[in-house]
Amino acid sequence: MHNTRLPAALRLLLFGDVVSAAGIGLTQPYLLILLHSVKGVPLATATAMTSLLALASFPGNWLSGALADRYHGHRVMTGGLVTTVCGLVLVATGEHPLLLGCAVAAVGFGWSVTLPAYATLIAGLVPEAAQGRTFTLQFALFNAGMGAGSAAGVLVTSGNLTALWWVAAATCVVAIGAVRRSYASHIRTPLPTPGASEPSAAGYRSLLADRSLLRVLLVALLTSAAGYGVYNAGLPLLAVTGADPRAMSWASVANCLTIVAGLPLALRAGACARRT
């Protein structure tokens with residue numbers, strides 16, 4: 001970061017991100033277990049419902065990109081987090097499978113709106129030369145928060161799992177407060193209005209015409225389906241059949257620790273090679 005201190009607006013965003021990530025770590029490993037073992041949803045249906053987190057992210061990501069280009073990223077982040085809070089509360093209180101499915105989709109949609117707006121803000125708050133390290137720091141802190149939340153989840157898995165979703169909703173409320181404070185800290189030097197400079201050059205059609213980008217997206221799709229999909233569906237099934245929900249927390253902790261430990265190595269290796 002060239003020995004420069006992070007802007008106050010960015011530090012607040014990072015704080016909110018760590019707190020809300022802990023909420024993800026608390027709940028994500030246990031979603032299938034909650035739906036099946038606590039809410040009584042059939043196992044096959046509950047497994048399918050977990051995929052709504054990802055399916056809802058498709059419209060959320062597209063909408064977030066368009067809104068972040070036209071409006072302030074802080075506002076888009078706030079809207080995404082509010083949607084996430086509503087979804088988490090509905091997961092905690094809902095009983096009917098249809099309502100629970102909508103709640104899970106709301107959580108996935110809310111996060112998919114929040115994260116692209118967050119990335120847009122980071123890109124605007126730090127110089128281009130420092131963006132690589134800033135995104136690395138953000139990803140490391142996010143996974144550290146998730147790992148801490150997953151470890152904390154072990155302490156309550158023998159009790160009321162529903163309480164985890166209430167705690168996660170509270171962490172998102174804290175994150176909303178941090179985002180609003182970040183906006184207040186940043187309005188003295190606001191981001192340039194994206195719509196004021198060549199809005200037509202930033203459309204999705206021009207992005208999808210980039211064949212190099214399409215190849216990267218294809219690789220990301222395949223690796224996500226093979227790795228992240230198995231992690232979110234396969235491991236919970238093993239935890240359910242093995243009657244040991246704590247295994248999911250430890251798997252999440254191991255996942256997050258591996259990412260945090262590997263990021264500095266990846267950053268160092270990346271400095272000696274082309275990004276591709």
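Residues numbered from 1 in each chain as written. Predicted model: local features only at pLDDT ≥ 70, side-chain atom pairs only at ≥ 80, totals over all residues. Heavy atoms only, no water.

Undergrad: Hey, could you go over the overall build of the chain for me, with residue numbers and the actual values?
TA: Counting its regular elements, the chain contains twelve helices and zero strands. Along the chain, helices (α) and strands (β) appear in the sequence α-α-α-α-α-α-α-α-α-α-α-α when read from the amino end. Looking at the chain as a whole, 40% of its 276 residues qualify as buried. At a minimum sequence separation of 6, the contacts of the chain that also span at least 24 residues come to 82%. Put simply, the chain shows about 14700 Å² of open surface, and 68% of that area lies on carbon and sulfur atoms. (Helix = DSSP H or I, 4+ residues; strand = E, 2+ residues; numbered from the N terminus. Buried < 20%, exposed > 50% of the residue type's maximum accessible area, 1.4 Å probe, protein only. Contact = heavy atoms within 4.5 Å. Areas by Shrake-Rupley, 256 points an atom, 1.4 Å probe, with all protein chains shown as cover.)

Undergrad: Provide a residue-level description of the nonpolar core, including the pertinent values.
TA: Nonpolar side chains tend to gather and get buried jointly when the protein is soluble and globular. Counting residues in hydrophobic clusters, the biggest one holds 48 residues, and the most contacted among them are Leu10, Leu13, Leu35, Met77, Leu81, Leu88 and Trp165. Taken together, the elements giving at least two residues each to this core come down to helix 1 (8–27), helix 2 (31–38), helix 3 (43–50), helix 6 (73–93), helix 7 (97–125), helix 8 (131–153) and helix 9 (162–186). For this core, the leading source of residues is helix 7, giving eleven residues. With residues up to four places along the chain from it excluded, the contact list for Leu10 reads Ile122, Leu125, Val126 and Thr134. (Core = buried A, V, L, I, M, F, W, Y, C linked by side-chain atoms within 4.5 Å.)

Undergrad: Describe in detail the confidence of the model for the chain, supporting the description with residues and values.
TA: Chain-level pLDDT for the chain is 80 on average; 81% of the residues reach the 70-or-more range. Across residues 191–200 the pLDDT falls below 50, and counting only partners more than four positions away or on other chains, this stretch makes eight contacts in the model. (pLDDT = per-residue confidence, 0-100.)

Undergrad: Now, about empty space enclosed by the protein: what can you tell me, with residues and values included?
TA: Considering all chains together, one arrives at two cavities of 30 Å³ or more under this definition. Taken as a whole, the second largest cavity spans an internal volume of roughly 50 Å³. Around the second largest cavity sit Leu13, Gly16, Asp17, Ser20, Met77, Leu81, Trp111, Thr114, Leu115, Tyr118, Ala175 and Val179, which together line it. Looking at the lining of the second largest cavity, the elements that each hand over two or more residues are helix 1, helix 6, helix 7 and helix 9. Across the lining of the second largest cavity, the residue classes break down as eight nonpolar, three polar and one charged. (1 Å grid on protein atoms, 1.4 Å probe; cavity = no way out; pocket = protein on both sides within 12 Å on 5 of 7 lines; lining within 4 Å. Points joined across faces, edges and corners; volume = space filled by probe spheres on them. Nonpolar A, V, L, I, M, F, W, Y, C, P; charged D, E, K, R; others polar.)

Undergrad: Please set out the packing of helix 7 against helix 8 residue by residue, giving values where relevant.
TA: For the pair helix 7 and helix 8, the least separation of the axes is 10 Å and the interaxial angle reads 140°. Considered as vectors, helix 7 and helix 8 are oriented oblique to each other. Considering the relative orientation of helix 7 and helix 8, their crossing is right-handed. Side by side, helix 7 and helix 8 meet where Tyr118, Ala119, Ile122 and Ala123 of the first sit next to Gln131, Thr134, Phe135 and Gln138 of the second. Looking at side-chain class alone, the contact of helix 7 with helix 8 contains five nonpolar, three polar and no charged residues. (Axes fitted to C-alpha atoms, helices over the stretch in contact; angles between N-to-C directions. Parallel < 35°, antiparallel > 145°, perpendicular 65-115°, else oblique. Left-handed = near helix turned anticlockwise from the far one by under 90°.)

Undergrad: A description of a nonpolar patch on the surface should follow, citing residues and the corresponding values.
TA: Taken together, Trp62, Leu207, Leu208, Leu213, Leu214, Val216 and Leu217 make up a surface patch of nonpolar side chains, about 600 Å² in accessible area. Looking at the nonpolar patch, the elements that each hand over two or more residues are helix 10 (204–208) and helix 11 (211–241). No other element matches the four residues that helix 11 contributes to the nonpolar patch. Within the secondary structure, Trp62 sits in helix 5 (residues 57–70). (Patch = residues over 30% accessible without salt bridge, like charges linked within 9 Å, V, L, I, M, F, W, Y side chains within 5 Å. Salt bridge = Lys/Arg side-chain N within 4 Å of Asp/Glu carboxyl O.)

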